[in-house]
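Geometric and topological summary
The chain contents come next:
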Amino acid sequence: MTESNTRTCVHCGQDDSQVPLVVFYYQGQEHRICTEHLPVLIHTPAKLTGKLPDMDKINPVDLD
Ligand SMILES: [Zn+2]
């Protein structure tokens, strides 16, 4: 069992008993992020550097 298989938000570490978690797949791994931090993944992925690989290379979604 690796840490990436635990049901916790990659950003804040809360589990699915505390917050709704959204499952996503990245570089062949399954991850979870809570609904509070899903916008971080979308708009400021660089903030997840160190928690997920290559986050500084992801282009943020620009709604403009
Ligand atoms: Zn979170």
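Treat the numbers as computed from the prediction; the structure is a model and nothing was measured.

**Some remarks on the pairing of strand S1 (residues 21–26)**
- Across six bridges, the pairing between S1 and strand S2 (residues 29–34) is antiparallel. Note that in S2 the partner of tyrosine 25 across the bridge is glutamate 30.
- Connecting S1 to the antiparallel partner S2 that follows it, the hairpin turn spans two residues, and glutamine 27 within it adopts a positive phi of roughly 50°.

**Some words on the coordination of the zinc ion**
- Protein-derived ligands of the zinc ion are Cys9 (SG), Cys12 (SG), Cys34 (SG) and His37 (ND1), with the metal-ligand distances lying across 2.0 to 2.4 Å.
- Metal-centred angles of 95 to 124° between the four donor atoms at the zinc ion mark the site as tetrahedral.
- Between consecutive donor residues of the zinc ion, the sequence gaps follow C-x2-C-x21-C-x2-H.
- The class for cysteine 9 is buried, based on a relative accessible area of 3%.

The rules behind the values
Residues numbered from 1 in each chain as written. Predicted model: local features only at pLDDT ≥ 70, side-chain atom pairs only at ≥ 80, totals over all residues. Heavy atoms only, no water. Pairing = 2+ DSSP bridges. Helix = DSSP H or I, 4+ residues; strand = E, 2+ residues; numbered from the N terminus. Donors = N, O, S within 2.8 Å, 3.2 Å for Na, K, Ca; no water. Tetrahedral: all angles 85-135°; square planar, octahedral: opposite > 155°, others 65-115°. Buried < 20%, exposed > 50% of the residue type's maximum accessible area, 1.4 Å probe, protein only.

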